[in-house]
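# Commentary on secondary and tertiary structure
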Amino acid sequence: MTIPVRPEGSTMSDSGNSLFATALDQFNRGADLIDLSDDLRSILSQPKNEIIVNFPVRLNNGSYRVFRGYRIQHSNLLGPYKGGVRFHPMVDLDEVKALASWMTWKSALCDIPFGGAKGGISFDPNGLEPDELERVVRRFTHALGSNIGPDHDIPAPDLGSNSQSMVWMMDTYSNSMGATERQNVKRIVTGKTLETGGSPGREKATGQGVVFCLQHWADEVDFDLAGATVSIQGFGNVGSATARIMQVHGARVVAVSDHAGAVADEDGIDAFELTDWVRERGTVAGFPGGMWIEPDDFWAVPADIVIPAALENQITAGNAGQIQAKVIVEAANGPTTLQAEKILAQREIDVLPDILVNAGGVVVSYFEWLQNRSAQRWNLDDVDFKLRETLWKACDAVVDLRDELDVTSRRDAAYAVALRRLQVVYGQRGIFP
Ligand code: NAD
């Protein structure tokens, strides 16, 4: 099967592959393992729908700016399309296609009744005033119109967006409904604030899921997480929650980097103090509780566990050789290039793949959707318990299939688990007509 290579753009990896080409390479490796038919490969190699909207927004200086937004619906075989919306200047069609396909595999791997989708707007949310940002989000929601829906396609937060963005989306969507429908569409988005119908535990869910998957790995390889050293790239929703939970479990956060700087301290950086710092200043740069280092030096800081929690294509052929960890935990989507993955495999550094370890977000999104559907509010202990149960089942399935198929790559095994589930359903349903 030929893999399309994007001629130019934001998300090229060090091998020159576009992000979607990387995603297809991963997909094909998993498909090879289970002898997926060529028919199913062609169906699953492309999203079902690619929606692009260009919409104008009035800025505070009185001018209009036209924004480009995307919603890619990859698969709805197992349930409604599901996936986040990303606000970042580098968002483009290729990136969102890759992210949408990863959502399909994630839901299938965790055995939750959702398909895969992703959206985004290509802009820098930090470059706008709060009221301008609100108008962008509301206008994007309006432009998507009936392409999204509470039982059809359900957005959530991702890089650059947050629970406030979701509340604006929900409010805009519900105000476009008739009066009798409005209370029934809260589940149009997940990742809302608690007060507006969000789930306890959703804010930290992805980070919590990362730690549950790490616990499963530590148990399997007989590694003690208490006292382990951790470095984390990205200190937003996912990176900061992961850091705080790891610290509570006795691990030491020895390095953190983000878009504007990096800090390191072999005695440990206080994740709670750093969270307060970043909340006020928007970056880890200048944090007084550690030594400031060059972001390029971040990967070489000795740590048992390295957690990329920012953008894709961050672990490359250029820095994979510097990493001294036992395990890389892909909290971000697509952080490891294909070349880097080969280097890490040669160096026997374990990689816990994104479609498994960052699935906590979509799993708790599913719980939020269920709560909204039945007008219930679960408590945090129930959410955490069910999240752990769901992720540990997925981890078990990956380890079991890896051993059964006699492969070393956890990523390949994770794809094989997800694709087998889709294969069974396609086998039973066939295609219409
Ligand atoms: P966020 O916007 O809350 O935080 C992003 C972090 O990345 C920030 O600390 C930012 O400074 C940092 N960053 C941005 N550009 C960088 C660069 N060039 N170098 C280093 N750091 C940089 O985003 P998030 O929600 O925490 O998402 C992070 C990753 O996790 C993304 O890959 C996202 O797709 C993935 N993810 C998020 C969720 C979720 O629930 N939010 C779920 C699954 C996966």
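Residues numbered from 1 in each chain as written. Predicted model: local features only at pLDDT ≥ 70, side-chain atom pairs only at ≥ 80, totals over all residues. Heavy atoms only, no water.

### Some words on the pairing of strand β5 (residues 153-157)
- Among the five residues of β5, four are classified as buried, and the element is accordingly described as predominantly covered.
- Strand direction decides the pairing type here: strand β3 (residues 81-87) and β5, joined by five bridges, are parallel. Each residue of the ladder has a partner; that of Gly83, found in β5, is Pro155. (Buried < 20%, exposed > 50% of the residue type's maximum accessible area, 1.4 Å probe, protein only. Helix = DSSP H or I, 4+ residues; strand = E, 2+ residues; numbered from the N terminus. Pairing = 2+ DSSP bridges.)

### Some thoughts on the site of the ligand
- As a structural note, the neighbourhood of the ligand is formed by 21 residues, with Asp158, Thr206, Phe235, His259 and Ala310 the closest of them.
- A distance of 2.9 Å separates an oxygen atom of the ligand from a polar atom in the backbone of Gly160.
- Between Ala310 and the ligand, the recorded distance is 2.8 Å, taken from a backbone N or O atom to an oxygen atom.
- When the ligand is considered free in solution it has 830 Å² of accessible area, and contact with the protein chains removes 84% of it.
- Residues that form the shell around the ligand fall into these classes: eight nonpolar, nine polar and four charged.
- Counting only domains with at least three residues in the shell around the ligand, you end up with domain 1 (48-188) and domain 2 (205-357). (Near = heavy atom within 4 Å. Polar contact = N/O pair within 3.5 Å; in protein donor to acceptor, adjacent residues only side chain to side chain. Areas by Shrake-Rupley, 256 points an atom, 1.4 Å probe, with all protein chains shown as cover. Nonpolar A, V, L, I, M, F, W, Y, C, P; charged D, E, K, R; others polar. Domains from an automatic or database assignment.)

### Considerations on the domain arrangement of the protein chain
- Under the domain assignment, the protein chain is made up of domain 1 (48-188) and domain 2 (205-357).
- On the domain 1 side of the interface with domain 2, the three residues burying the most area are Trp102, Lys106 and Leu109, jointly 48% of the side's total.
- The interface formed by domain 1 and domain 2 includes one salt bridge.
- With a closest N to O distance of 3.0 Å, Glu312 and Arg86 form a salt bridge.
- If you look at where domain 1 meets domain 2, you find two residue pairs in polar contact (both at pLDDT 80 or more).
- For the side of domain 1 that touches domain 2, the element with the highest residue contribution is helix α3 (residues 93-109), accounting for six residues.
- Among the residues forming the side of domain 1 that touches domain 2, the class breakdown is five nonpolar, one polar and five charged. (Buried area = accessible area lost by both parts, 1.4 Å probe. Salt bridge = Lys/Arg side-chain N within 4 Å of Asp/Glu carboxyl O.)

### Focus: unusual backbone geometry
- Looking along the chain, the bond that leaves Phe432 and enters Pro433 is cis, with omega of 0 degrees.
- One can find Pro433 in the segment after α13 (410-429).
- Positive phi, normally seen in glycine, also occurs at Asp35, with a value near 50 degrees.
- Locating Asp35 in the fold gives a position in the loop between α1 (19-33) and α2 (38-44).
- The backbone phi angle of Glu348 is positive, close to 55 degrees, even though this residue is not glycine.
- Glu348 gets classed as exposed once you look at its relative accessible area, which sits at 71%.

### Let's talk about the nonpolar core
- Counting 86 residues, the largest nonpolar core has Trp105 and Ile305 as the members making the most contacts within it.
- Of the residues forming this core, the biggest block, nine residues, is contributed by α13.
- Each of domain 1 (48-188) and domain 2 (205-357) gives at least three residues to this core.
- When near neighbours in sequence (up to four residues on either side) are disregarded, Trp105 contacts Phe27, Leu44, His74, Ile355, Tyr415, Ala418, Leu419 and Leu422.
- Ranked by size, the runner-up nonpolar core spans 25 residues in total, among them Phe123, Leu128, Met166 and Trp168. (Core = buried A, V, L, I, M, F, W, Y, C linked by side-chain atoms within 4.5 Å. Contact = heavy atoms within 4.5 Å.)

### Considerations on the packing of helix α6 (residues 205-221) against helix α11 (residues 360-373)
- At a closest axis distance of 7 Å, the pairing of α6 and α11 adopts a crossing angle of 120 degrees. Relative to α11, the element α6 lies oblique. For the element pair α6 and α11, the recorded crossing hand is right-handed. Taking contact as the criterion, the partners of Ala205, Thr206 and Gly209 in α6 are, on α11, Gly360, Gly361 and Val364.
- Among the residues making up the contact of α6 with α11, the classes are represented as two nonpolar, four polar and no charged. (Axes fitted to C-alpha atoms, helices over the stretch in contact; angles between N-to-C directions. Parallel < 35°, antiparallel > 145°, perpendicular 65-115°, else oblique. Left-handed = near helix turned anticlockwise from the far one by under 90°.)

### Description of the sheet that holds β3
- The five strands are arranged β1-β2-β4-β3-β5 in an open sheet whose pairing can be described as mixed. Two strands in the sheet have a free side with no partner beyond their single neighbour: β1 (49-58) and β5. In this sheet, neighbouring strand axes are inclined to one another by 20 degrees on average, regardless of whether the strands run parallel or antiparallel.
- Packing against the sheet, α3 makes contact with β1, β2 (64-75), β3 and β4 (116-121), and its axis sits at approximately 35 degrees to β2.

### With respect to the packing of aromatic side chains
- Under the counting rule described, the total for this entry stands at 15 aromatic pairs.
- Aromatic pair Phe212 and Trp392: ring centres 6.4 Å apart, planes at 75 degrees, arrangement edge-to-face. Here Phe212, found in helix α6, pairs with Trp392, found in helix α12 (residues 380-405); they are 180 residues apart in sequence, far enough to count as distant.
- Taking the relative accessible area as the measure of exposure, Phe212 reaches 8% and is therefore buried.
- Given the relative accessible area of 30%, Trp392 is considered partly exposed.
- Here the aromatic rings of Phe298 and Trp299 are separated by 4.9 Å at their centres, their planes lie at 75 degrees, and the arrangement is edge-to-face.
- What makes Trp299 buried here is its relative accessible area of 7%.
- Following the ring pairs from residue to residue traces out a cluster consisting of Phe55, Phe67, Phe87, Phe123 and Phe140.
- One Lys or Arg, Lys386, reaches over the ring of Trp378 and ends 5.1 Å from the middle of that ring.
- Lying over the aromatic face of Trp392, Arg388 brings its terminal NZ or CZ to 5.1 Å of the ring centre. (Phe/Tyr/Trp six-rings, centres within 6.5 Å; stacked < 30°, edge-to-face > 60°. Lys NZ or Arg CZ within 6 Å of the ring centre and 35° of its normal.)

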